[in-house]
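# Fold and contact review
The residues making up each chain are set out below.
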Amino acid sequence: MKKILLPFVFISLPTLLNAATASTTLEGGFKVGPAIILITILILFVLVGIVFRAKDTTDFYAAGRGISKVGSGMAIASNWMSAASFLGMAALMYGSGYHGLAYVVGWTGGYVLLLILMAGQIRKYGKYTAADFIGDRYYSKSLRAVGAIIAILISISYCVGQFGGIGLMFKWVMGIDYTLAVIIGGAVVLSYTLISGMLGATKNMQIQYVIIIVSFLIPLFILTFKFDYFWLLPQIGYGSVVSDVINGLPVQEAQNLVNSLGHDFAIVPSPEFAMPWDPSTGKTFFQWIAIAFSLMIGTAGLPHVIQRFYVVPKARDARWSVVWGLFFICILYWSAPAYAAFGKILSAHPEVGTLAKDAIVVYTAQLGNIHPLIVGLLAAGGVSAAFSTVSGLLVAGSSAFAHDLYVRVINPDASPKKQLLYARLATILMTIIVTLIALKNFALIGQLVAVAFSLAGCTIFPLFLLGIWWSGSNKAGAIAGLIAGGLVSIVAITYFIAGKSGVSLPAHEFISYWLEAWYFAWFGAPLAIIVHIIVARMTKETPIEIRKFLIEQVHS
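In short, a report on the structure. (Residues numbered from 1 in each chain as written. Predicted model: local features only at pLDDT ≥ 70, side-chain atom pairs only at ≥ 80, totals over all residues. Heavy atoms only, no water.)

## Side note on the overall build of the chain
- The helix and strand inventory of the chain stands at 22 helices and 0 strands.
- Across the 556 residues that make up the chain, the buried fraction comes to 60%.
- Sequence-distant contacts in the chain: of pairs separated by 6 or more residues, those separated by 24 or more amount to 83%.
- Total accessible area on the chain is roughly 20800 Å²; 68% of this is exposed by carbon and sulfur atoms. (Helix = DSSP H or I, 4+ residues; strand = E, 2+ residues; numbered from the N terminus. Buried < 20%, exposed > 50% of the residue type's maximum accessible area, 1.4 Å probe, protein only. Contact = heavy atoms within 4.5 Å. Areas by Shrake-Rupley, 256 points an atom, 1.4 Å probe, with all protein chains shown as cover.)

## A few points about the layout of surface pockets
- Of the voids in this model, the largest pocket is the one considered here, and its volume is about 520 Å³.
- Lining the largest pocket are 18 residues, with Leu-153, Ser-157, Val-451, Leu-455 and Ile-493 sitting closest to its centre.
- The set of elements that each furnish at least two residues to the lining of the largest pocket consists of helix 8 (141–174), helix 18 (445–469) and helix 19 (475–500).
- With 7 residues, the top contributor of residues to the lining of the largest pocket is helix 19.
- Grouping the constituent residues of the lining of the largest pocket by class yields 14 nonpolar, 4 polar and no charged. (1 Å grid on protein atoms, 1.4 Å probe; cavity = no way out; pocket = protein on both sides within 12 Å on 5 of 7 lines; lining within 4 Å. Points joined across faces, edges and corners; volume = space filled by probe spheres on them. Nonpolar A, V, L, I, M, F, W, Y, C, P; charged D, E, K, R; others polar.)

## Topic: empty space enclosed by the protein
- Within the structure shown, the criterion is met by 2 cavities of 30 Å³ or more.
- Quantified by volume, the second largest cavity comes out at close to 30 Å³.
- For the lining of the second largest cavity, the element with the most residues is helix 18, which contributes 4 residues.
- Its residues assigned to classes, the lining of the second largest cavity comprises 6 nonpolar, 3 polar and no charged.

## Re the nonpolar core
- Residues Trp-80, Trp-107 and Phe-464 are the most contacted members of the largest nonpolar core, which totals 169 residues.
- No other element matches helix 8, which puts 19 residues into this core. (Core = buried A, V, L, I, M, F, W, Y, C linked by side-chain atoms within 4.5 Å.)

## Notes on the side chain of Asp-358
- For Asp-358, the location among the structural elements is in the loop between helix 14 (336–346) and helix 15 (360–367).
- Lys-357 is the oppositely charged side chain nearest to the buried, salt-bridge-free Asp-358, at an N-O distance of 8.8 Å.
- Engagement of the side chain of Asp-358 in a polar contact is seen with the backbone nitrogen of Ile-445, the distance being 3.0 Å. (Lys, Arg positive; Asp, Glu negative; His and termini not counted. Salt bridge = Lys/Arg side-chain N within 4 Å of Asp/Glu carboxyl O. Polar contact = N/O pair within 3.5 Å; in protein donor to acceptor, adjacent residues only side chain to side chain.)

## Digging into the environment of His-555
- Locating His-555 in the fold gives a position in the segment after helix 22 (544–554).
- Using a relative accessible area of 32% as the deciding quantity, one classes His-555 as partly exposed.
- Put simply, His-555 and Gly-120 are 435 residues apart on the chain and 9.2 Å apart in space, counted from C-alpha to C-alpha.

## Examining the packing of helix 16 (residues 372–410) against helix 17 (residues 416–438)
- Look at helix 16 against helix 17: their axes get within 8 Å of each other, and the N-to-C directions meet at 130 degrees. In terms of their interaxial angle, helix 16 and helix 17 are classed as oblique. Seen along the crossing, helix 16 lies across helix 17 with a hand that is right-handed. In this structure, helix 16 contributes Leu-393, Leu-394, Gly-397, Ser-398, Phe-401, Ala-402, His-403, Tyr-406 and Val-407 to the contact, and helix 17 contributes Lys-418, Gln-419, Tyr-422, Ala-423, Ala-426, Thr-427, Met-430 and Thr-431.
- The residue makeup of the contact of helix 16 with helix 17, split by class, is 10 nonpolar, 6 polar and 1 charged. (Axes fitted to C-alpha atoms, helices over the stretch in contact; angles between N-to-C directions. Parallel < 35°, antiparallel > 145°, perpendicular 65-115°, else oblique. Left-handed = near helix turned anticlockwise from the far one by under 90°.)

## Things to note about the packing of aromatic side chains
- All chains considered together, the criterion is met by 24 aromatic pairs.
- Between the aromatic rings of Phe-86 and Phe-216, the centroid separation amounts to 4.8 Å while the plane-to-plane angle is 65 degrees, which identifies the pairing as edge-to-face. Of this pair, Phe-86 sits in helix 5 (residues 83–96) while Phe-216 sits in helix 9 (residues 178–226), placing them 130 residues apart in sequence. Summarising the burial analysis for this pair, Phe-86 and Phe-216 share the class buried.
- Seen in terms of ring centroids, Tyr-98 and Trp-288 are 6.4 Å apart; in terms of plane orientation they differ by 20 degrees. Their pairing is stacked. Here Tyr-98 is found in the loop between helix 5 and helix 6 (101–125), whereas its partner Trp-288 is found in helix 11 (residues 285–299), with 190 residues between them in sequence.
- According to the relative accessible area criterion, Trp-288 is buried, its value standing at 12%.
- Each residue in the set Phe-286, Phe-510, Tyr-513, Trp-514, Tyr-519, Trp-522 and Phe-523 is aromatic and connected to the rest through ring pairs, giving one cluster.
- Taking the ring centre of Tyr-138 as reference, the NZ or CZ of Arg-137 above it sits at 5.1 Å.
- The ring of Tyr-94 has Lys-344 lying over it, and the distance from NZ or CZ to the ring centre is 5.3 Å. (Phe/Tyr/Trp six-rings, centres within 6.5 Å; stacked < 30°, edge-to-face > 60°. Lys NZ or Arg CZ within 6 Å of the ring centre and 35° of its normal.)

## A look at a nonpolar patch on the surface
- Taken together, the side chains of Phe-221, Phe-225, Phe-230, Trp-231, Leu-232, Leu-233 and Ile-236 define a hydrophobic patch exposed on the protein surface, amounting to about 710 Å² of accessible area.
- Note on placement: Leu-233 falls in the loop between helix 9 and helix 10 (234–247).
- You can call Leu-233 partly exposed: its relative accessible area is 39%. (Patch = residues over 30% accessible without salt bridge, like charges linked within 9 Å, V, L, I, M, F, W, Y side chains within 5 Å.)

## Quick word on unusual backbone geometry
- Of note in this structure, Asp-228 is not a glycine but carries a positive phi near 65 degrees.
- The class of Asp-228 is exposed, set by a relative accessible area of 70%.
- With phi around 55 degrees, Ala-507 is a residue other than glycine that occupies positive phi space.
- With relative accessibility at 49%, the residue Ala-507 sits in the partly exposed group.

## Points about the side chain of Ser-473
- By secondary structure assignment, the location of Ser-473 is in the loop between helix 18 and helix 19.
- For Ser-473, a relative accessible area of 0% corresponds to the buried category.
- Those residues in contact with Ser-473 that sit more than four places away from it in its chain are Arg-137, Tyr-138, Leu-466, Gly-467, His-532 and Thr-542.

## Regarding the pattern of salt bridges
- Enumeration according to the criterion identifies 2 salt bridges in this entry.
- Salt-bridge contacts for Asp-132 lead to Arg-144; the nearest nitrogen and oxygen are separated by 2.6 Å. With Asp-132 in helix 7 (residues 130–137) and Arg-144 in helix 8, this residue pair connects regions lying 12 residues apart in the sequence. The pair formed by Asp-132 and Arg-144 is uniform in burial state, with each residue classed as buried.
- Its salt-bridge partner being Arg-547, residue Glu-541 comes within 3.4 Å of it at the nearest N-O pair.
- Residue classification places Arg-547 among the partly exposed residues on the basis of a relative accessible area of 22%.

## Brief notes about helix 5
- Relative to the 20 Å expected for 14 residues at 1.5 Å per residue, helix 5 spans 18 Å between its end C-alpha atoms, a close match to the ideal helical length.
- The axis of helix 5 is deflected most strongly, by about 25 degrees, at Met-89.
- Counting buried positions over the 14 residues of helix 5 gives 13, a clear majority of the element.
- Of the residues trailing helix 5, Gly-97 is marked for its positive phi of about 65 degrees. (Expected span 1.5 Å × (residues − 1). Bend = angle between axes of the 7 residues up to and from the residue.)

Here's what the structure looks like:
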C-alpha cells in the first residue's frame, strides 16, 4: 500500500502548493486548490478500496472480523461523523443556537446506550446484520424479511442527507450545479463501495477519520488564534464568541476585527442564541427533549451502527470499540459549536447576504480569511465525513438485501459469488434511489438524517432492546410492536412529505408539531415497546432453546 500511495503524495504535493494561492469566493467559480485536494483524497479512497477489496462475503459483510478495537473505534467514529456531524450540527446551531445542541446530546447519548445495553451482547449473538438477529431471535423468516426491508429504508433515509452534503461541497469546490454535484459524488462513493465492501470501507474509514478530524480542527485553531480568543483549547475559547453574540458587539469595538470581505464584527445582541427554547426562535422545551430522546434511541437502533460490532474478534473488543469511538467522536462534537458561533459573528454584516446553513463550516473558514488550501482541506473533510457514512450505509443496506432477503428467504442455496453479486446490485439500486431523493433537497442535512433515527427508534431499537434483555419477548410481541412503531412512522413521514409538497392533510399542524419527522420516536418507540410486552405476555412463550442461548451465550 505504501509503495502505491507515497509516490502519489510526492507527485501531487508541488501541484497542491502551487494551487494554494488560488482565489476562493463564497459562491460560484471553480476553486483550484480545494478541487485538487478533494480529487486527491477521492483517489486515495478508491486506491484503499482496491487494495483492501472484499474477496468473499465475510469480508464484504463483516470485514473478516479482524479489525482491532482502536481501529474499529476510529471506523465507528468515521462512520458516525457523517455530513450531519461535520456540516449539519454547526448548521443547526448557526440557525437555532442552543436548541441545536439537542442533536449533540441525542447522538452522543445514543452511544452511551449502545455501550451499556447492546455492544457486547450483539457481538456475542454472532450474526452479520440487524435483520439476521431479528430473524433468528424471533424465529421468523417473515420478520427477517421485514427487518431487512426496514434496514434498507433506514439506510436510504440516512444516505439522503449525506448525498445532500456531498452535493453542497462538490458544488462549492467545483462551481457546478447542485444536481450534477450530487450525481458525481454518488458515482464516486458507489465505485469504491462496490470494490471494497465492509473490509475496504473499514480501512477507508480509519483514514477518513484522520482526514475529518485534522481538517476540522486546524481552521478552528487558526480562527481562535487570529481573532484573539483562547486558541490553546478552542472548544473552551469559543465561549467568549458566544458571549459576543449574546451581548452584541458595537461597531467601535469591532473596528479591528474584520472578515475576509472587509466587514467589521459588529452584531446586535442575540440572547436567544444561548436559549434552548425561546418564543423568538419558534422552538419549545418539548421539541428539545423529543429530539434528544429520539436521536438517542435511534442511534442504538441504526443497522449500520449495529453492524460495526460484528467486525471485531470478541465481545470485549465490541465494548471497547464503542469507548474509543465515543472518544474520537467527542473531539469533533466539542468543536462543532465553535464554528456556529464564529459563523454567526463573521456573517453578521448585511452585505454578506444569506448563506446556506449546511455549508456554514466552510463559509466560516472563508470569512475568517483562512488560506484557501486549508479551506479546501476543510471542504474535503466534509466530503470524507459523508463518504465514510455512506459506504457503511450502502454495505448495511446491500447486506440486508443479499444476506437477509435473497439468501435467507428467497434462495438459501445461493453461492457466495452470487450473494456478492446481489449485494453489489442492491448497492447500485440504493445509490440511484438516494440520488433521486437527494435532488429534492427537502430539509437541512441534520434534519434529514434525524428521520432515519426516528424510524430506527420506532422499529429496530425495541426489537433489540427486548430481544436481548427480556427472554419473554416472542414473535407475536415483535410483530405487534413493529406494527405499532411502523404506523407511527408512516403517519409522521407521510405528513412531512405532504407538507414539503404543499399538500395539507387533516390535523396537519397538530401532527407536524407532535410527530415531526425528526423526533416522532419519542412517541413511537415507547408505544412499540409497550405493545410488544402486552402481546408477548398474552401469547405463546419464546422457545426454550432461544431462552437458553440468551442465558448461556449472550449474558454469560
